[in-house]
Amino acid sequence: MPAPLRTPYAVVDVDVLDRNVVAMAASARARGLDLRPHAKTHKCAEIARRQLASGAVGLTVATAGEAEAMADAGCADLFVAYPLWVDADRGARLRELADRVALRVGVESVEGAEALARHAGPVDVVVEVDSGHHRTGVAPEDSGAVAVAAARAGLRVRGVFTFPGHGYGPGSAPRAASDELAALGLAAAVVRAAGVEIDVVSGGSTPTAPLTSGELTEMRPGVYVVNDAQQWELGTCGPDAIAFTVAASVVSRRPGRVVLDAGSKALGADRPDWTTGSGRLLDVAGARIVALSEHHATVTWPDGEPPALGAVLRVVPNHVCAAVNLVDELVVTSGGDVVDRWAVAARGANS
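Residues numbered from 1 in each chain as written. Predicted model: local features only at pLDDT ≥ 70, side-chain atom pairs only at ≥ 80, totals over all residues. Heavy atoms only, no water.

(A) Looking closely at helix α6 (residues 143-152). Within α6, seven of the 10 residues are buried, leaving the element largely enclosed by the surrounding structure. Residues of α6 that are buried make contact with β5 (102-107), α5 (110-120), β6 (124-128), β7 (156-161) and α7 (173-193). Phi for Gly154, located one or two positions after α6, is positive at around 105°. (Buried < 20%, exposed > 50% of the residue type's maximum accessible area, 1.4 Å probe, protein only. Helix = DSSP H or I, 4+ residues; strand = E, 2+ residues; numbered from the N terminus. Contact = heavy atoms within 4.5 Å.)

(B) Representation of the packing of aromatic side chains. Applying the stated criterion to the full structure yields one aromatic pair. Note on Phe79 and Phe161: the rings are 5.0 Å apart at their centroids and 85° apart in plane angle, and the pair reads as edge-to-face. Of this pair, Phe79 sits in strand β4 (residues 77-83) while Phe161 sits in strand β7, and the two are 82 residues apart along the sequence. On the accessibility criterion, Phe161 (1% relative accessible area) is buried. The ring of Trp232 carries the charged tip of Arg280 above its face, separated from the ring centre by 3.8 Å. (Phe/Tyr/Trp six-rings, centres within 6.5 Å; stacked < 30°, edge-to-face > 60°. Lys NZ or Arg CZ within 6 Å of the ring centre and 35° of its normal.)

(C) Focus on the pattern of salt bridges. This model, assessed by the stated rule, comprises 17 salt bridges. Of the charged contacts, one joins Arg347 and Asp328 as a salt bridge, the two residues approaching to 2.6 Å between their closest N and O atoms. Of this pair, Arg347 sits in the segment after β17 (337-343) while Asp328 sits in the loop between α10 (320-324) and β16 (329-334); the two residues are 19 residues apart in sequence, bridging distant segments of the chain. Judged by relative accessible area, Arg347 falls into the partly exposed class, the value being 35%. (Salt bridge = Lys/Arg side-chain N within 4 Å of Asp/Glu carboxyl O.)

(D) Seen up close, the environment of Ala117. Take Ala117: it is sitting in helix α5. A residue is classified by how much of its surface remains accessible, and Ala117, at 13% relative accessible area, is buried. Dropping the residues within four chain positions of it, Ala117 is found in contact with Ala153 and Leu155.

(E) Just the side chain of Asp13, in detail. Structurally, Asp13 is set in strand β1 (residues 9-13). Although buried, Asp13 forms no salt bridge, and the nearest oppositely charged side chain, Arg314, lies 4.8 Å from it. Here Asp15 takes part through its backbone nitrogen, which lies 3.0 Å from a polar atom of the side chain of Asp13. Apart from the residues within four sequence positions on either side, Asp13 is in contact with Ala243 and Thr333. (Lys, Arg positive; Asp, Glu negative; His and termini not counted. Polar contact = N/O pair within 3.5 Å; in protein donor to acceptor, adjacent residues only side chain to side chain.)

(F) View of unusual backbone geometry. Here Thr7 and Pro8 are connected by a cis peptide whose omega angle stands at 0°. With respect to the helices and strands, Pro8 occurs in the segment before β1. Here the phi dihedral of His134 falls at roughly 60°; this positive angle occurs in a residue that is not glycine. Along the chain, His134 turns up in the loop between β6 and α6. On the accessibility criterion, His134 (64% relative accessible area) is exposed. Positive phi outside glycine occurs at Asn227, with the angle close to 65°. By the element assignment, Asn227 lies in the loop between β9 (218-219) and α8 (229-234). With a relative accessible area of 5%, Asn227 lands in the buried category.

(G) Inspection of the sheet that holds strand β3 (residues 59-61) at higher detail. Reading across from one edge, β2-β9-β8-β7-β6-β5-β4-β3 is the order of the eight strands in this open sheet, with parallel pairing throughout. The sheet terminates laterally at β2 (34-35) and β3, the two strands that pair on one side only. As judged from the two bridges shared by β2 and β9, these two strands associate in the parallel manner. Paired with Leu35 across the two strands is Met219, which belongs to β9. (Pairing = 2+ DSSP bridges.)

(H) How the structure looks around the side chain of Ser143. If you trace the backbone, Ser143 turns up in helix α6. Ser143 gets classed as buried once you look at its relative accessible area, which sits at 0%. Among the polar contacts listed, one links the side chain of Ser143 to the backbone oxygen of Ala187, at a separation of 3.4 Å. If we ignore the near neighbours within four places in the chain, the residues touching Ser143 are Val127, Val129, Val138, Ala187, Val190 and Val191.

(I) Spatial organisation of the pairing of β1. For β1, a buried count of four out of five residues is recorded, marking the element as mostly surrounded by other parts of the structure. As judged from the four bridges shared by β1 and strand β10 (residues 244-254), these two strands associate in the antiparallel manner. The partner of Ala10 across the bridge, within β10, is Val246.

(J) View of the nonpolar core. Formed by 94 residues in total, the largest nonpolar core has its most connected members in Leu17, Leu78, Leu94, Leu116, Val160, Phe244 and Leu260. Among the elements that take part in this core, helix α1 (residues 14-30) stands out by supplying seven residues, more than any other. By size, the runner-up hydrophobic cluster in this structure holds seven residues, among which are Trp232, Ala241, Leu282 and Val316. (Core = buried A, V, L, I, M, F, W, Y, C linked by side-chain atoms within 4.5 Å.)

Structure representation (structure tokens):
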């Protein structure tokens, strides 16, 4: 018998999830783009299988550990979209993965490419380009030098990729998508001019997914599969497309305010400065989490009587990727009924 449900616990509405999966697959297909969703959002074998069954060509991951978990789940085509610093141990893990699946790894420096080749052998790589997020990735005009060095080290250079993360902000997605297209177009031209033939031009994020086009060959959104409060605030989705919530109980109440038993250890602590709170309530659009500690979420309540002590509410965290990584399992519902429980297979797979 499964353990009884006690708040806080993570919930996935499988009906909403499946709609999101099908819609993004259809959108990518209509634009002639390969869909390679980022599995760091859900870290869950069952969700990965649904994405692959709906037409995803493979999955994106952030770590070797996530790649191992998704390979175990049956995914045969994986892209580690991260400039891994590879030592002997990680190199051995990547070699083992490359024997099991079609594997690509991100590179952004000559030194990183050489370390990857030395410890992992001749794996496929994709050069990371900075398109405006200014986190990792080389300037587009410098991508040729990295590609040439990677090829000389014995790596198979497949293409270029970027993450338009500066699209996470109100009204920022169109500019980020434009920057992405320009940066990848220039990088692809520079790499080819350096004598390296490539066939992969990869980008995309959930906020920019509807705008991904042009020379890109694939898109890598992640959050779309379940969505979160950030996407709701950005207007990327509405509440009807939010499949992930945290069930939380009211433990304190007074006029205009309730406190829930889901704090940062259940919801994650992310709160970008453009958001209106540390999370929202799916069924009460005007409510906001205005204070968050480890086991308390303080919610401002709109007009009307706050719910009774013990009432269970559905909380939408700001950043679902962080929230998923805090739980061992997802409680799966359909039509409001619990129908399954799915393990978070790659939870904690941070290396």
